[in-house]
Amino acid sequence: MRRGDTGPVRRLLVLLAAAVLAAVAGCTGGTDAVDQTAGSEFRFVAGTGKGEVIPVPDRRAAPAVTAPLLGGAGSFDLSALRGKVVVLNFWAHWCGPCRVESPEFQAAYQATRAAGVEFVGVNTQDPDPDEARGFVARNKITFPNAYDPSGKVTLRFRGFRANGFPYTIVIDRQGRVAAVYPTPLLRGDIEAVVTRLAAER
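Rules and cut-offs
Residues numbered from 1 in each chain as written. Predicted model: local features only at pLDDT ≥ 70, side-chain atom pairs only at ≥ 80, totals over all residues. Heavy atoms only, no water. Helix = DSSP H or I, 4+ residues; strand = E, 2+ residues; numbered from the N terminus. Polar contact = N/O pair within 3.5 Å; in protein donor to acceptor, adjacent residues only side chain to side chain. 1 Å grid on protein atoms, 1.4 Å probe; cavity = no way out; pocket = protein on both sides within 12 Å on 5 of 7 lines; lining within 4 Å. Points joined across faces, edges and corners; volume = space filled by probe spheres on them. Nonpolar A, V, L, I, M, F, W, Y, C, P; charged D, E, K, R; others polar. Phe/Tyr/Trp six-rings, centres within 6.5 Å; stacked < 30°, edge-to-face > 60°. Buried < 20%, exposed > 50% of the residue type's maximum accessible area, 1.4 Å probe, protein only. Expected span 1.5 Å × (residues − 1). Arc of directions from axis to C-beta. Contact = heavy atoms within 4.5 Å.

Caption draft 1: Structural context of the side chain of Asp-126. Assignment of secondary structure puts Asp-126 in the loop between strand S7 (117-124) and helix H3 (129-138). Side chain to side chain, Asp-126 and His-93 meet in a polar contact 2.7 Å long.

Caption draft 2: How the structure looks around the layout of surface pockets. Space inside the largest pocket adds up to approximately 160 Å³. Lining the largest pocket are 15 residues; nearest its centre among them are Ala-62, Leu-78, Ser-79, Arg-82 and Gly-175. Across the lining of the largest pocket, the residue classes tally to nine nonpolar, three polar and three charged.

Caption draft 3: Examining the packing of aromatic side chains more closely. According to the stated counting rule, one finds seven aromatic pairs in the structure shown. Measuring from centroid to centroid gives 4.4 Å for Phe-90 and Tyr-167, while their planes differ by 10°, and the two rings are stacked. On the criterion of sequence distance, the pair formed by Phe-90 in strand S6 (residues 85-91) and Tyr-167 in strand S9 (residues 167-171) is long-range, its members being 77 residues apart. A residue is classified by how much of its surface remains accessible, and Phe-90, at 0% relative accessible area, is buried. Among the aromatic residues, those joined into a ring-pair cluster are Phe-105, Tyr-109, Phe-119 and Phe-143.

Caption draft 4: Quick look at unusual backbone geometry. One non-glycine residue, Gln-125, lies in positive phi territory at about 60°. Tracing the backbone through its elements, the reader meets Gln-125 in the loop between S7 and H3. A positive phi is found at Lys-140, a non-glycine position, where the angle reads about 55°. Inspection of the secondary structure puts Lys-140 in the loop between H3 and strand S8 (145-148).

Caption draft 5: Seen up close, helix H5 (residues 187-198). Across its 12 residues, H5 extends 16 Å between first and last C-alpha, which sits within 8% of the 16 Å expected from 1.5 Å per residue. For H5, the complete set of buried residues consists of Ile-190, Val-193, Val-194, Leu-197 and Ala-198. The buried residues of H5 all sit within an arc of 130° when viewed along its axis, so they share a single face. Those residues of H5 that are buried are in contact with S6, helix H2 (96-112), S7, S9 and strand S10 (176-181).

What follows is the structure, given as structure tokens:
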């Protein structure tokens with residue numbers, strides 16, 4: 001490198017800064033994350049703010065989704081839950097924020113299921129189902145979890161989702177996407193939203 005030529009040093013510092021930011025962000029993509037599952041089309045996806053829902057006229061129908069359940073007993077069919085508010089929580093066992101969020105969702109599930117709310121976890125990017133089952137057991141999760149190691153369910157929602165884990169998609173009683181949260185949520189965050197949606201008729 002010639003004396004006074006700081007170009008390579010500057011580029012190295014930029015790369016190091018990007019790596020630090022990625023490490024701080026963990027496995028969540030934030031509210032405006034690049035969707036990298038849409039083939040060659042990269043686009044920014046604006047998530048719904050915490051506590052907010054998509055206005056009814058702007059909601060789009062959720063795609064048809066089926067997947068085997070993580071325990072191997074039966075399968076998950078989203079269309080069978082029409083008439084209920086459905087919370088789809090996408091997670092992976094290696095995701096740190098998912099470990100914090102899962103017990104919160106379990107508590108919200110127990111508090112709202114009688115009101116017509118169904119929680120379904122979607123385990124994705126976990127090639128070893130034993131790791132995923134261990135995660136469910138350690139966190140005492142009792143709501144069903146679909147097993148999606150190849151990301152097929154994720155791809156079905158590529159028009160709605162944000163990059164990273166965990167992220168949550170909430171579907172209203174009419175089968176429309178009512179909220180997209182590309183960030184970890186606490187019990188109060190998700191419980192307030194599903195209670196509001198369950199009251200819609």
